[in-house]
Amino acid sequence: MAEERWLPLDYILTDGNHIRSLYVRSAAWQLYTTAEDGFALAVKAELYDRWLNAEWIEPGLFEDASPTDESVHVFSSRAGTMLSSLNFGPYPHNRQQAMDFIRSLRRSLERMGAIQLNDAIYIASFSLILATSFNESAPMSVARAAGRFLTGGVDVPLSNVPLVLQYAPYLTESDLNQILDMLQITKDEGTSGTLSAAGSEAAIGKPPTQRGTRQKGPFTLPGRPELERFFLEEIIDIVDNEEAYRRMGVGFPGGTVLHGPTGCGKTYAVERLTEYLNWPVFTIDSGNIGSKYIHETSRKVAEIFDKAAENAPSIIVIDEMEAFLSSRDSSMGSREIHMEEVAEFLRKIPEAPKKRVLLFGMTNLLDSMDKAILRRGRIDHIIEVGMPGKEEILSLLESMLKDKPTEDQLPLEQFSRDLLGRPISDISFMVQDAARRAVRAGKQAIGAEELQTAMNALPPPDGKKKRIGFGER
């Protein structure tokens, strides 16, 4: 591939970026990674002139480059700012990147009309999707192109909500409904999975196939042995042996709060448990209960708890619970509305286990929570989830790769060290990205090269490495 690149290794761009490797190429453009963890796009003069003439871009945004016989125009992005091929990535792996892409797609459609999305380029710095093909006989639909991009290359239309949520776990159902509205795409009928407040599916776990059908085999939570043990002993064993526990005066499991830094795996752990139990799941977040009107939010909270009770045994997941369960003394919004919200939760949370509703709350800011919510009798367990350590990451990698064809003797120990401080979503994305790269390279198995390239394409980890570990309070 080296002889086919237009920009040689270590080529220095005017902004100081060094070209590191060729990421993917097309006839009219090539996408490179840079030594500064960014990306660089090189386009041929014909395509660049077409963008200029259509007034999609302004002169001067690209630099002229002729390091080889090929004269090209080059634009580079800094680390963390997406510069992607819709077909080949790099793909978004967090909510902010996804929403920025959708806003850019909508802006591009409004500005340019119909766009050939089959081989398009996304430049986040311009908030634009730029077509590179103009004579396609069967153009890709907006729903399909957006679905593929948000799910990391899975060929699923955006309208198929359960599958999009399954392959884009960083999105919630509320996010996806907002995206569908922004792009004026209608949700497919008959694709509902789990339930939310309005009776539509929630964005947690795998859509259940048949109520009460349990996953085969024991429950496992690779990489989090202590959290796995907690789920097995304090939840799964109790719900599997309700009658025996009831004779001993032990009722249905009470509420559990998981707290820890962003990316530590709180959502990952709850998703694995909900997939295993395969019960209806109801989510509570600011997207589906938030309202500026007094009484409205508390009414929505009550509706979700009531709906979960009607479909028991079921699960309620309260995401970012500090957003509406912070201390009533420190509320920054309407004090009257906030006090009513907290009061409604105080009434409903103790009722949940009596109605066989399993309750999970997740927060990054435990200290800001209203202390009344966290008292025993409302919340039975407060579990701290730290960032995964090296052995936990190694276990995760082994679990995620076990059902995929891989080359022998992969240096997973080294990868687990290099991934320290990364959120679990990055680890999962890296494995999937490596699988896609192996397919594109025509290989029959994932090798160290694909894993290394996929890891290099991840954005730099945020800030300092956080405390590693797990504890119960």
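With respect to the overall build of the protein chain
Point 1. Counting secondary structure elements, the protein chain contains 16 helices and 14 strands.
Point 2. In the protein chain, once contacts between residues fewer than 6 apart in sequence are set aside, the share between residues at least 24 apart is 66%.
Point 3. If you sum the accessible surface of the protein chain, you get close to 21,500 Å²; carbon and sulfur atoms cover 48% of it.

Topic: the sheet that holds strand S6 (residues 83-85)
Point 1. What the three strands build is an open sheet, ordered S6-S7-S8; its pairing is antiparallel. Lying at the two open borders of the sheet, with one neighbouring strand each, are S6 and strand S8 (128-130). Here the average twist between neighbouring strands, direction ignored, is 20°.
Point 2. For strand S7 (residues 121-123) and S8, the ladder comprises three bridges, and the chain directions are antiparallel.

Focus on the environment of aspartate 15
Point 1. For aspartate 15, the location among the structural elements is in the segment before strand S1 (19-25).
Point 2. Counting along the chain gives 62 residues from aspartate 15 to serine 77, while the straight-line C-alpha distance between them is 9.5 Å.

Remarks on the environment of alanine 454
Point 1. If you trace the backbone, alanine 454 turns up in helix H16 (residues 448-456).
Point 2. Note: C-alpha distance between alanine 454 and proline 90 (364 residues apart in sequence) is 9.1 Å.
Point 3. Once you skip the residues sitting within four places of it in the chain, alanine 454 turns out to touch Met430, Asp433, Ala434 and Arg437.

Topic: the packing of helix H2 (residues 95-112) against helix H5 (residues 173-183)
Point 1. Two elements in contact, H2 and H5, have axes separated by 10 Å at closest approach and are oriented at 10°. When the axis of H2 is compared with that of H5, the two are roughly parallel. Taking contact as the criterion, the partners of Arg95, Met99, Ile102, Arg103, Leu105 and Arg106 in H2 are, on H5, Asp175, Gln178, Ile179, Met182 and Leu183.

Here we look at the sheet that holds S1
Point 1. Taken in spatial order, the five strands of this open sheet run S1-S2-S3-S5-S4, and their pairing is antiparallel. Two strands bound the open sheet, and with one partner strand each, they are S1 and strand S4 (63-65). This sheet shows a mean twist of 30° between the axes of neighbouring strands, independent of strand direction.
Point 2. Looking at chain direction, S1 and strand S2 (residues 29-34) are connected through five bridges and run antiparallel. Bridged to leucine 22 within S2 is tyrosine 32.
Point 3. Contacting S2, strand S3 (39-44) and strand S5 (72-77), helix H1 (residues 45-53) runs over the sheet at an angle of about 95° to S3.

Regarding the packing of H2 against helix H3 (residues 142-150)
Point 1. Contact pair H2 / H3: the axes reach a minimum separation of 11 Å and the direction vectors enclose 155°. Classified by the angle their axes make, H2 and H3 are roughly antiparallel. In the crossing of H2 with H3, the sense of the turn from one axis to the other is right-handed. Mapping the contact onto sequence places Ala98, Phe101, Ile102, Leu105 and Leu109 in H2 and Val142, Ala146, Phe149 and Leu150 in H3.
Point 2. Looking at the contact of H2 with H3, its residues break down into nine nonpolar, no polar and no charged.

Comments concerning the pattern of salt bridges
One side chain can pair with another of opposite charge once the charged atoms of both are near each other.
Point 1. Tallied over the entire structure, the rule returns 18 salt bridges.
Point 2. With its nearest N and O atoms 3.5 Å apart, the salt bridge here joins glutamate 242 to arginine 246. Linking glutamate 242 with arginine 246, this pair stays in helix H7 (residues 242-247), spanning four residues, or about one helical turn.
Point 3. Judged by its relative accessible area of 15%, glutamate 242 is buried.
Point 4. Three or more residues joined by partner-sharing salt bridges are found here, namely Glu242, Glu243, Arg246 and Arg356.

Some words on H16
Point 1. Every buried residue belonging to H16 is among Glu450, Leu451, Ala454 and Met455, and all of these are buried. Down the axis, H16 shows its buried residues gathered within 130° of arc, on one side only.
Point 2. Buried residues in H16 make contact with helix H13 (390-401), helix H14 (412-418) and helix H15 (424-440).

Some details on the confidence of the model for the protein chain
Point 1. The share of residues in the protein chain with pLDDT of 70 or more is 80%, and the mean pLDDT across the chain is 79.
Point 2. Mean pLDDT across the secondary structure elements of the protein chain bottoms out at strand S14 (residues 470-472), with 40, and peaks at S7, with 93.
Point 3. Every residue in residues 330-338 is under pLDDT 50, and counting partners more than four places away or in other chains gives 12 contacts.
Point 4. Taken together, the stretch residues 463-473 has pLDDT below 50 and engages in 30 contacts with residues farther than four places along the chain or on a different chain.

A closer look at the nonpolar core
The nonpolar side chains of a soluble globular protein tend to be buried, and buried together.
Point 1. The biggest cluster of nonpolar side chains holds 106 residues, and the ones touching the most others in it are Leu41, Phe62, Phe101, Leu158 and Phe231.
Point 2. Apart from the residues within four sequence positions on either side, phenylalanine 62 is in contact with Leu41, Val43, Tyr48, Trp51, Ile57, His73, Val74, Phe75, Ile123 and Phe126.

Cut-offs and rules
Residues numbered from 1 in each chain as written. Predicted model: local features only at pLDDT ≥ 70, side-chain atom pairs only at ≥ 80, totals over all residues. Heavy atoms only, no water. Helix = DSSP H or I, 4+ residues; strand = E, 2+ residues; numbered from the N terminus. Contact = heavy atoms within 4.5 Å. Areas by Shrake-Rupley, 256 points an atom, 1.4 Å probe, with all protein chains shown as cover. Pairing = 2+ DSSP bridges. Axes fitted to C-alpha atoms, helices over the stretch in contact; angles between N-to-C directions. Parallel < 35°, antiparallel > 145°, perpendicular 65-115°, else oblique. Left-handed = near helix turned anticlockwise from the far one by under 90°. Nonpolar A, V, L, I, M, F, W, Y, C, P; charged D, E, K, R; others polar. Salt bridge = Lys/Arg side-chain N within 4 Å of Asp/Glu carboxyl O. Buried < 20%, exposed > 50% of the residue type's maximum accessible area, 1.4 Å probe, protein only. Arc of directions from axis to C-beta. pLDDT = per-residue confidence, 0-100. Core = buried A, V, L, I, M, F, W, Y, C linked by side-chain atoms within 4.5 Å.

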